[in-house]
Amino acid sequence: MALSSMRGLSVFISDVRNCPNKEQERLRVDKELGNIRTRFKNEKGLTPYEKKKYVWKMLYIYMLGYDVDFGHMEAVSLISAPKYPEKQVGYIVTSCLLNENHDFLRLAINTVRNDIIGRNETFQCLALTMVGNIGGREFAESLAADVQKLLISSSYRPLVRKKAALCLLRLYRKNPDVVNIDGWADRMAQLLDERDLGVLTSSMSLLVALVSNNHEAYWSCLPKCVRVLERLARNQDIPQEYTYYGIPSPWLQVKTMRALQYFPTIEDPNTRRSLFEVLQRILMGTDVVKNVNKNNAAHAVLFEALALVMHLDAEKEMMSQCVALLGKFISVREPNIRYLGLENMTRMLMVAEVQDIIKRHQAQIITSLKDPDISIRRRALDLLYGMCDVSNAKDIVEELLQYLSTADFAMREELSLKAAILAEKFAPDLSWYVDVILQLIDKAGDFVSDDIWFRVVQFVTNNEDLQPYAAAKAREYLDKPAIHETMVKVSSYLLGEFSHLLARRPGSSPKEIFNIIHEKLPTVSTSTIPILLSTYAKILMHTQPPDPELQNQIWAIFNKYESCIDAEIQQRAVEYFALSRKGAALMDILAEMPKFPERQSALIKKAEDAEIDTAEQSAIKLRAQQQTSNALVVTDQCYANGPSPIVPAVGPLTLVKVPSMSGSEEHTAVDQALTQSNGTLTKVDSQPPSDLLGDLLGPLAIEGPPGAAVQSEHSAVTEVEGAPSAVDVAAIVPVGEQTNSVQPIGNINERFNALCLKDSGVLYEDPYIQIGIKAEWQAQHGRLVLFLGNKNTSPLDSVQALILPPAHLKMELSLVPEIIPPRAQVQCPLEVLNLHPSRDVAVLDFSYKFGTNMVNVKLRLPAVLNKFLQPMPVSAEEFFPQWRSLSGPPLKLQEVVRGVRPLPLEEMANLFNSFRLMICPGLDPNPNNLVASATFYSESTRAMLCLIRIETDPADRTQLRMTVASGDPALTFELKEFIKEQLVSIPTAPRGPTTAPPAPPVVQPTSPAMALTDPGAMLAGLL
Amino acid sequence: MIKAVMVINTQGKPRLAKFYDFLTVDKQQELIRSVFGVLCSRAENVSNFMEADSIFGPDSRLVYKHYATLYFVFVFDTCENELAVLDLIQETLDKCFRNVCELDIVFNYSKLHTILDEIVFGGQVLETSSAEIMKAVEEISKLEASSNSITLVPKTVSGWRNR
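Nothing here was measured: the structure is a model prediction, and the numbers come from that model.

A.B. asks: If you had to explain the packing of helix H15 (residues 292-311) of chain A against helix H17 (residues 335-348) of chain A to someone new, which residues and values would you point to?
C.D. replies: Residue and element names in this part refer to chain A. It is the contact of H15 with H17, at a shortest axis distance of 11 Å, that shows an interaxial angle of 5°. For the element pair H15 / H17, the angle class is roughly parallel. Here H15 contributes Asn295, Asn296, His299, Phe303, Ala307 and Met310 to the contact with H17, which in turn contributes Asn336, Ile337, Leu340, Gly341, Asn344, Arg347 and Met348. The residue inventory of the contact of H15 with H17, partitioned by class, reads six nonpolar, six polar and one charged.

A.B. asks: Lay out the pattern of salt bridges with the relevant residues and their values.
C.D. replies: Once their charged atoms are close, side chains differing in charge can pair, the charge on each being opposite to the other. Tallying each qualifying case throughout the model produces 60 salt bridges over all chains. Across the salt bridge formed by Arg379 of chain A and Glu51 of chain B, the nearest N and O atoms sit 2.8 Å from each other. With Arg379 of chain A in helix H20 (residues 374-387) and Glu51 of chain B in strand E3 (residues 49-51), the pair connects residues from two separate chains. Given the relative accessible area of 11%, Arg379 of chain A is considered buried. A salt bridge links Lys18 of chain B to Asp117 of chain B, with the shortest nitrogen-to-oxygen separation between them at 3.5 Å.

A.B. asks: Break down helix H12 (residues 221-233) of chain A for me, with residues and values.
C.D. replies: Residues and elements named next belong to chain A. Given a rise of 1.5 Å per residue, 13 residues ought to cover 18 Å, and the 18 Å separating the end C-alpha atoms of H12 matches this to within 8%. In terms of burial, H12 is largely enclosed, as ten of its 13 residues are buried. Cys221, Leu222, Lys224, Cys225, Val226, Val228, Leu229, Glu230, Arg231 and Leu232 are the residues of H12 that are buried. Looking one or two residues beyond H12, the residue adopting positive phi is Asn235, at roughly 60°.

A.B. asks: Which residues make up the pairing of strand E15 (residues 942-953) of chain A, and what values do they have?
C.D. replies: Residue and element names in this part refer to chain A. Here strand E14 (residues 929-938) runs beside E15; their pairing, made up of ten bridges, is antiparallel. In the strand pairing of E15, Phe936 is matched with Met944. Connecting E14 to the next strand, E15, in antiparallel fashion are three residues. Pairing of E15 with strand E16 (residues 956-966), which is carried by eight bridges, proceeds in the antiparallel orientation.

A.B. asks: Account for unusual backbone geometry, with residues named and values stated.
C.D. replies: Residues and elements named next belong to chain A. Going from Pro889 to Pro890, the amide bond is cis rather than trans, its omega being 0°. Note on placement: Pro890 falls in the loop between helix H40 (876-885) and strand E12 (892-897). Residue Arg916 is not a glycine yet carries a positive backbone phi of 70°. Note that Arg916 resides in the loop between helix H41 (905-914) and strand E13 (918-919). By relative accessible area, Arg916 is classed as buried at 16%.

A.B. asks: So what's going on with the interface of chain A and chain B? Residues and values would help.
C.D. replies: Facing 80 residues of chain A, the contacting portion of chain B comprises 71 residues. Between chain A and chain B the total buried area reaches about 6800 Å² when both faces are included, carbon and sulfur atoms providing 57% of it. Linking chain A to chain B there are eight salt bridges. Among the salt bridges present, the one from Arg61 of chain B reaches Glu343 of chain A, with a minimum N-O distance of 3.4 Å. Grouping the amino acids of the side of chain A that touches chain B by side-chain chemistry returns 40 nonpolar, 21 polar and 19 charged.

Thresholds applied
- Residues numbered from 1 in each chain as written.
- Chains lettered and ligands numbered in written order.
- Predicted model: local features only at pLDDT ≥ 70, side-chain atom pairs only at ≥ 80, totals over all residues.
- Heavy atoms only, no water.
- Axes fitted to C-alpha atoms, helices over the stretch in contact; angles between N-to-C directions.
- Helix = DSSP H or I, 4+ residues; strand = E, 2+ residues; numbered from the N terminus.
- Parallel < 35°, antiparallel > 145°, perpendicular 65-115°, else oblique.
- Contact = heavy atoms within 4.5 Å.
- Nonpolar A, V, L, I, M, F, W, Y, C, P; charged D, E, K, R; others polar.
- Salt bridge = Lys/Arg side-chain N within 4 Å of Asp/Glu carboxyl O.
- Buried < 20%, exposed > 50% of the residue type's maximum accessible area, 1.4 Å probe, protein only.
- Expected span 1.5 Å × (residues − 1).
- Pairing = 2+ DSSP bridges.
- Buried area = accessible area lost by both parts, 1.4 Å probe.

Laid out in structure tokens, this is it:
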């Protein structure tokens, strides 16, 4: 009996409780499991009562954290028992122990279905509960129709119907097709007329799930929801047991208001008016009282009403009323309400017109930052972070810094990260930014990631005005008795570069600088020593006229580290030592670091990514995404005034530049720029590496010329926008006017290149849509499926997909629906037939409309030559006769390829394999050569063997000789050209767009790995 | 959607744990441990809300209520209203287990399960009225009692025959 106690179960539980330690407990549990196992095996002697007892024991054991991996079969078979107790046990244990993918469940589907359609209501309840707890696609397909019937038939008791509603919801989650949208909307509307509050509550939950996916279909339910709300608000026909502290079913009120938030707006003026009346009544009629429980119930309703008001774009007056209420809440004593007050105020920030009113509460919010409850402190931090802009950044960041010294450990990391981001986003002037970050490092060095100090270095390098200031600050911090290692890194880097600017100040002669830095050396870790060595080399260089004493001192240090076990340190020591004896050469090589190319901060990017991830799918949030100004990076003007090795980026990719060197008088410009840069920020994604290491490594041009990279991104973007000219877009637009460009997320070229190598992935993504692709290839046939996914809560319309196939491909795209419903994914199969070999690429011309935005993109489809290849191992006996028989042009072509991106032989072999050209090791006696083979399929050539030989020169990896042979002249030529394209620009290297021309010969870092360790390493890398 | 309901005592032992998405035993135990880890460090008279993102993934919320030696914990996503869930714990659980102590819960483990199934169903709230819940639970217990008395007869008979 579930409800009266089972003696055996109680004995077992008390045994377990009496176990003095985990070991004893395990022994007791194992003994019991053994007992249960034997008892189940000799099934004959088990009564239903005993079965139940054992099953509850199993569940108890399961809860204690032991795996119960037997008895599944028994449990499932009990479901089909005719009597209630056994059936009940079967259902309960099945729903606790099994998951939806379990094979045994399939065995039970028929029984479950019979219980659901049978007339026994208790069996129905059992079956519904199990199905609702497990879910499962198969259940959804076979049971949904029956469950629907239970829900809408008024002949069943509310007890059954409310379970049916939630069961249907669970099945719908697993497979949205189970709810037939056409007829179901009307049924749903009828359900909302239900009198029984239990059924109504469950139905409302079901409605929330349905409208969150597709509100269009359920417009008819909207007025009904408002009516339910009115009924509750007026307390009409609400049974006493649903009323708590005089509040009619707070749960249902909350759910109903939640459902209403999934409709984008309410157009019918009457419905809108009635709803606002109810909302007004809730807003005005709720007060903080003494009884905590009543407070919670009343405020649950109130906060939901606030959310709904925000969502409905109420008049400013009502919004201000809401903010006033929230302002009251954040100062009450009740912690829950304070917590939610702060949270909702953060959401309120998205309503532009009340932001200024919220700012008036800044002092109170800062007080909450010191609340004893960490949950509340976190909310306060989030709110401060959200409400920060150029006008209050100084106050807020300084407040955060001050709090940092006393904040508890759990919050320091978040605090310092947020402070760093705010300082960067809203710095009124750069010297303030440097101050803030140095303070951060000083107070919470452990939590300041490399990203942050790299960024400071970057700003200082790019802004000449800032350099003396930063160097002086760094010098000051070095005077402190104990400083964090990160501070040693950043200050020695800065002083190495810029200490000569301080030379005339007291305590800043090269010698003094050297001494104070060198004092720190014994305390730092191996990763910092290389930076210090670089600094010494730079100090040496800047000491004019040379100071023999200092020189000897530094040489001695280099000498000492020449035999260091750490390769990085050793190498630097050796190289700096040799260099510093060369005089003039030292000057050239150790000259000041060039300016960094302008990039979005990795820090801010990370923060933005995180924000996108957690985006709540409500209209409020969507609007916020379109509205909030993702503040731009505090930029430098290196392109404007400094000689720069890099062509300035033009076109829509350029961040709006703020001449921040002129500092504070430019506030308004910052403001304007903020607004203008709206929506154009995602573009930064397409810049090659946006991690900060990349930022720092950028100017070395190791990754290929950035100018070209910019160019190709540029074209990618214009392609996407279908915009006539990039320059138009870049031109200053009046404040407030949004450019309607939709920027792709991620680099389209990279996505295409990746898909050339694999068969499934994302082809294109922007804020509204994601196009995925999945392909299967069989000889000359290909079957691609395009997955068009609408990421929004409103539909995309005028969807058009046109295939522009090249002459050699026959392609057939199935019908693409004109409208993609919200949050839905549409699959469009595309059949491909390869007629003859060619490198031409098919293009998908795709367009859609979102709101007023017309988006048109042209995307290359990865139905490329190598997809029709089949790797084919050949033995020496097969290879050589073939090779010889294909004697010369046009069947066998040879070419010396130059300008190859140098890569080790092994990687080249991998590259070939990834293009389905199978490397056959051992065929060529020369270890520097590669031999590959594959079968190519097309209508004209049928299956055709292709043989490839690559001869590389170990002394010069940038050139190689390639021989391609096959039985078809066109195939030989196309394949040769194809391979050449791949070798000349390696698409697998994610660093630069592939269309970049071959990298000019650059100085290769002597050890590539080390170049990635820190900025100082770049110096060594250049040597 | 409600992701999990837990009852944990102040020593960190689970007294009831129900997860509405399937998780392995190890994962369940890990979650219970991490939840307890955070709960036990919280003072009295603070809010009933806790950040759960680090434990249950983004957009998770956790609401708990501390009664004597027990924590009642609900974990759910952004689709639910925090105060409403707290209200549910207070109103519904409180009324169903009025004046219960930990021992009652330990030894009425199966009963607790049955009651919870009448409150939360597949991650959604099924019923908020404690009267309705108790009605449903009593119905089940009656059914069990009556069918047990019937099935016990053949057992004794067969047991006697086998002798």
